[in-house]
Amino acid sequence: MQGITFDIAHMLAGSLVLVSFMQLYQDRLSALLNIFALHALVLAMSVAYQAFVQDAPHLYITALIALVFKAIVIPVALRRIVVKLGIHREIENVFGVGLAMLFGIGLVALSMVVMLRVTSAADPLAREDLAFALSVVLLGLLMMVTRRNAVSLVIGFMSLENGLVLAATGAKGMPLVVEISVAFSVLIAFIVIGIFLFRIRERFDTVDMQAMDRFRGEQR
Amino acid sequence: MVTYALFGVLALVVLAPIAVALSASPNATGFVYGACLIVALILFLLALHILLEYPAASTVTLPLGLPWLGAHFRIDPLSAFFLTVINLGAAAASLFALGYGRHEEAPQRVLPFFPAYLAAMNLVVLADDAFSFLVSWEFMSLTSWALVIANHRVDENRRAAYIYLLMASFGTLALLFAFGLMAGADGHYAFDAIRAAHPAVGTAALVLILALVGAGSKAGLVPLHAWLPLAHPAAPSHVSALMSGVMTKVAVYGFIRIAFDLLGPPQWWWSLVVLALGGATAVMGVLYALMQRDLKRVLAYSTIENIGLIFASLGLALAFKAYGMELAAALALTAALLHVFNHSLFKSLLFFGAGSVLTATGTRDMEALGGLIHRMPQTAFVFLIGCTAISALPPLNGFVSEWLTFQAILLSPQLPSWGLKLMVPAVGALLALSAALAAACFVRAFGMTFLGRPRSPAASTAQETDTNSLAAMYALAAACLIAGILPGIFIDALAPVVQALTGGQMPVQTGVEWMSIVPIAESRSSYNGLLVFAFMAVTGMVTAFAIHRLASDKIRRGPAWGCGYPDASPLTQYSASSFAQPIRRVFGSLVFRAREIGEMPPPGSSAPARLTVQLRDLIWDTLYAPIGIAVGVIAERLNYLQFLTIRSYLTLVFAALVILLLVLAIWP
């Protein structure tokens, strides 16, 4: 695991973090969906590259799942939902973009510090991968916290799952069970949350979380 | 060997869903308890065979449980001994339930859980890694909880089950930490690995405390006993017998396994804690028992007393083992294990008797019973044997184990530590006190229930119980007698267990003349149950013969002297409360803050005078009530967390994660 191999894997995992940052400052839903597709695409490339490097053919399946479901099916489906709901032009931000980016940088630094210290004995590629994966997870969570639209919550959640898949494939010898379960959990989450969006829309005419809170009769 | 035992357990586990499927059928009770009886008997014989013939441990690892660990199972002499105790009790309870279970109101609430509960207890003893041990332990707690709440329409039972569930989870939590500490940071959860690694002194002490809390809360050590007298009587009687007679023993097993086997060589001061708790438990248990009116609750509190006795013996064994006095340690441990066996016999017997009385009269309140010896003579006879045994009267088995305990206590002057030299006789005095009070307690239990005149219509029309129940009780009574007159056989059977745990063993007893038992040396002390029994039988028969033949063989019936009162209502008899009054006056004012309030009507009024007794459970008031209040207050404060917005919840999760990561990053 040296030289160019390491560099490429590093680059792919790093670009996944980069795309996570891009997600953070997209305040239009359709653009956000595009970036999410890109996110899944980078993940698929990274996993495929891991499959090639580790000589583990089962990882190609994972890459394929990521490519088909996360990069194509889910963004297309979500786009249809968004168009149907007529919110594809909606602009939303809770935090200021600058603040969110600063916070994200802090999170990446934190995950680097933690992971590089904890895994000092492990293989360097796995170390870097884990650190990046944790950053992606944290950035996904950050997005879920800062957005108020339900669709962005779904996307934040799924980019969080992408981070988990990255972690699972980065380490050598993870059985396929893990990836399949992760992929399916995303799919199920998507279905469930998609249904919820429609139901919410039917009842309240909006997918704005603040509106839901108002319906529960609470102030913030 | 262990595989056969596991097959038996599997059979019991399979019985549970069958019981669910059968629950509509009227034959379900007979089938399930019959099958349990057969499986338990087979397991009992197997365990006995292993105990007597195979001192070497046999192990098996199944690919269950944690993926990198598997489920380890093992039978060594200690687990074989406890398997015999469990399955003997289980077989007796199944036989009893063949008759008793027919009176059950909702058998489908009991039948599926009963075999599962038996399986769980067997599994705890067989487990050979921390994970399987804890899972089986928790399985045992949950199945017994389900049995406690079987009769869920009674408010009292629901409360008992709730408290039981809380205490059981608390105990398991303590055991979880104990095993976590023993496994260390690398997490070697198999008992082999734990046994090989001796923890540091401080860690070991912490583990011992946690094991005492965890196993002690299940066994009923004061002050962790609060659930026991509530939960044991709430269950159906055959289950009460199992919980009191057998499950508390599984808890004792857990403590022995940790303190004597897994934890490595003991420190002398460990025994101080165990001895003090044991002595306090014995006295408190029997004092509580004396204050109760509910027959099954009396038995439950008396279980606490016996557990105290067992733990005191275990503490002694730890002390002797710490100073390398193998023979004395072997004596103390033998006394403890023998008492485990004996108590499982007579406590099951007594609970069966109480169950028969309950089905015959519909009440457990001793103030509403009485005179049952005429209506239920056979139950009365076996109950009397149980009472004699638990009061530690020769020639029955309770005497043997308590006598051995006191023999071990008499060896304490040889201990080098002054702390123990002073402590052990004090604990001995407590045990002697509790033994005397236990005798009073069972005179009261037997006298109020079976003697005198019936205090209620239900008691005066009671019917003798069925043959299956009687067979179970007679079998246990016979076992009590055999273990009492031939204790040498039992002591020798325990030798491999004791040898493995203390490194020594008591002198071989089977060769001693006249079947005496000699714990240390002939010159010091010996006891011969057979001779005592023969003497009592012969003198009793001679006296009876002399009275009936030489004096008068006429039976005379005359009016009983009514103490000068014209109204001979049964309620004017000596009652359970009045029997307990002297003891309440001596101990109760201190221990229970007992207060007697006499209400005299003014002169000329025809209202009755009243005497009200107020008892307070100080342990509950000072330990449990404040915890309950604190939990309530905290829950009240945190209640608003239930009504946050989705984003606030996400933010909370996120913040918690980031803070934990920060701690990890900053931690040196």
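Residues numbered from 1 in each chain as written. Chains lettered and ligands numbered in written order. Predicted model: local features only at pLDDT ≥ 70, side-chain atom pairs only at ≥ 80, totals over all residues. Heavy atoms only, no water.

### Points about the interface of chain B and chain A
Then, number 1: Contact residues are listed per partner, giving 16 residues for chain B and 22 residues for chain A.
Then, number 2: For the pairing of chain B and chain A, the buried interface totals around 1700 Å² over both sides, and the portion due to carbon and sulfur atoms is 72%.
Then, number 3: The largest share of the area that chain B buries against chain A comes from Arg 647, Phe 654 and Leu 661 of chain B, three residues that together contribute 40% of it.
Then, number 4: Our enumeration of links across chain B and chain A arrives at 0 salt bridges.
Then, number 5: Taken together, the connections running from chain B to chain A amount to 0 residue pairs in polar contact (both at pLDDT 80 or more).
Then, number 6: Here the side of chain B that touches chain A is built from residues that sort into 13 nonpolar, 2 polar and 1 charged. (Contact = heavy atoms within 4.5 Å. Buried area = accessible area lost by both parts, 1.4 Å probe. Salt bridge = Lys/Arg side-chain N within 4 Å of Asp/Glu carboxyl O. Polar contact = N/O pair within 3.5 Å; in protein donor to acceptor, adjacent residues only side chain to side chain. Nonpolar A, V, L, I, M, F, W, Y, C, P; charged D, E, K, R; others polar.)

### Comments concerning the packing of aromatic side chains
Residues and elements named next belong to chain B.
Then, number 1: Per the counting criterion, the structure on display carries 24 aromatic pairs over all chains.
Then, number 2: The interplanar angle of 75° and the centroid separation of 6.1 Å between the aromatic rings of Tyr 574 and Phe 579 together place this pair among those described as edge-to-face.
Then, number 3: Put simply, the rings of Phe 133, Trp 137, Phe 179 and Phe 191 touch in pairs and so form one group of aromatic residues.
Then, number 4: Sitting over the ring of Trp 227, Lys 218 keeps its end group 5.9 Å from the ring centre.
Then, number 5: The ring of Trp 418 carries the charged tip of Lys 421 above its face, separated from the ring centre by 4.6 Å. (Phe/Tyr/Trp six-rings, centres within 6.5 Å; stacked < 30°, edge-to-face > 60°. Lys NZ or Arg CZ within 6 Å of the ring centre and 35° of its normal.)

### Structural notes on the side chain of Asp 128 of chain B
Then, number 1: Relative to the helices and strands, Asp 128 of chain B resides in the loop between helix H4 (113-126) and helix H5 (130-148).
Then, number 2: Buried and unpaired, Asp 128 of chain B has Arg 195 of chain B as its nearest opposite-charge partner, separated by 4.0 Å. (Helix = DSSP H or I, 4+ residues; strand = E, 2+ residues; numbered from the N terminus. Buried < 20%, exposed > 50% of the residue type's maximum accessible area, 1.4 Å probe, protein only. Lys, Arg positive; Asp, Glu negative; His and termini not counted.)

### Digging into the packing of helix H10 (residues 237-262) of chain B against helix H12 (residues 295-322) of chain B
All names here are of chain B.
Then, number 1: For the pair H10 and H12, the least separation of the axes is 11 Å and the interaxial angle reads 15°. As far as their axial angle goes, H12 and H10 are roughly parallel. Crossing angle aside, the handedness with which H10 passes H12 is right-handed. Residues Ser 237, Ser 240, Ser 244, Thr 248, Lys 249, Val 252, Phe 255, Ile 256, Ala 259 and Phe 260 of H10 form the contact with H12, whose participating residues are Lys 296, Ala 300, Thr 303, Ile 307, Ile 310, Phe 311, Leu 314, Ala 317, Leu 318 and Lys 321.
Then, number 2: A per-class count over the contact of H10 with H12 returns 12 nonpolar, 5 polar and 3 charged. (Axes fitted to C-alpha atoms, helices over the stretch in contact; angles between N-to-C directions. Parallel < 35°, antiparallel > 145°, perpendicular 65-115°, else oblique. Left-handed = near helix turned anticlockwise from the far one by under 90°.)

### Points about the packing of helix H11 (residues 270-291) of chain B against helix H17 (residues 418-450) of chain B
Residue and element names in this part refer to chain B.
Then, number 1: Axis separation between H11 and H17 bottoms out at 9 Å; the angle between their running directions is 20°. Considered as vectors, H11 and H17 are oriented roughly parallel to each other. The hand of the H11/H17 crossing is left-handed.

### Looking at helix H1 (residues 2-22) of chain B
Then, number 1: For H1 of chain B, which comprises 21 residues, the first-to-last C-alpha distance of 30 Å matches the rise-based estimate of 30 Å (1.5 Å per residue) to within 8%.
Then, number 2: Buried residues along H1 of chain B sit in contact with helix H2 (28-53), strand E1 (58-62), strand E2 (71-75) and H4 of chain B. (Expected span 1.5 Å × (residues − 1).)

### Things to note about the confidence of the model for chain B
Then, number 1: Residues of chain B with pLDDT of at least 70 account for 99%, and the chain-wide mean is 90.
Then, number 2: Among the scores for the predicted complex, ipTM is 0.82 and pTM is 0.82. (pLDDT = per-residue confidence, 0-100.)

### Considering the side chain of His 339 of chain B
Then, number 1: Locating His 339 of chain B in the fold gives a position in helix H13 (residues 326-361).
Then, number 2: The contact partners of His 339 of chain B, leaving out residues within four places of it in the chain, are Asn 306, Leu 309, Ile 310, Phe 346, Ser 401 and Glu 402 of chain B.

### Notes on the environment of Leu 657 of chain B
Then, number 1: Take Leu 657 of chain B: it is sitting in helix H24 (residues 646-666).
Then, number 2: Those residues in contact with Leu 657 of chain B that lie beyond four places of it in its chain are Leu 138 and Leu 141 of chain A.

### Comments concerning a nonpolar patch on the surface
Residues and elements named next belong to chain A.
Then, number 1: Residues Leu 38, Leu 41, Met 45, Leu 64, Leu 67, Val 68, Phe 69, Ile 72, Val 73 and Val 76 make up a contiguous nonpolar surface patch of about 780 Å² in total accessible area.
Then, number 2: Mapped onto the nonpolar patch, the elements with two or more residues apiece are helix H2 (29-54) and helix H3 (58-85).
Then, number 3: Here the nonpolar patch gets 7 residues from one element, more than from any other, and that element is H3. (Patch = residues over 30% accessible without salt bridge, like charges linked within 9 Å, V, L, I, M, F, W, Y side chains within 5 Å. Areas by Shrake-Rupley, 256 points an atom, 1.4 Å probe, with all protein chains shown as cover.)

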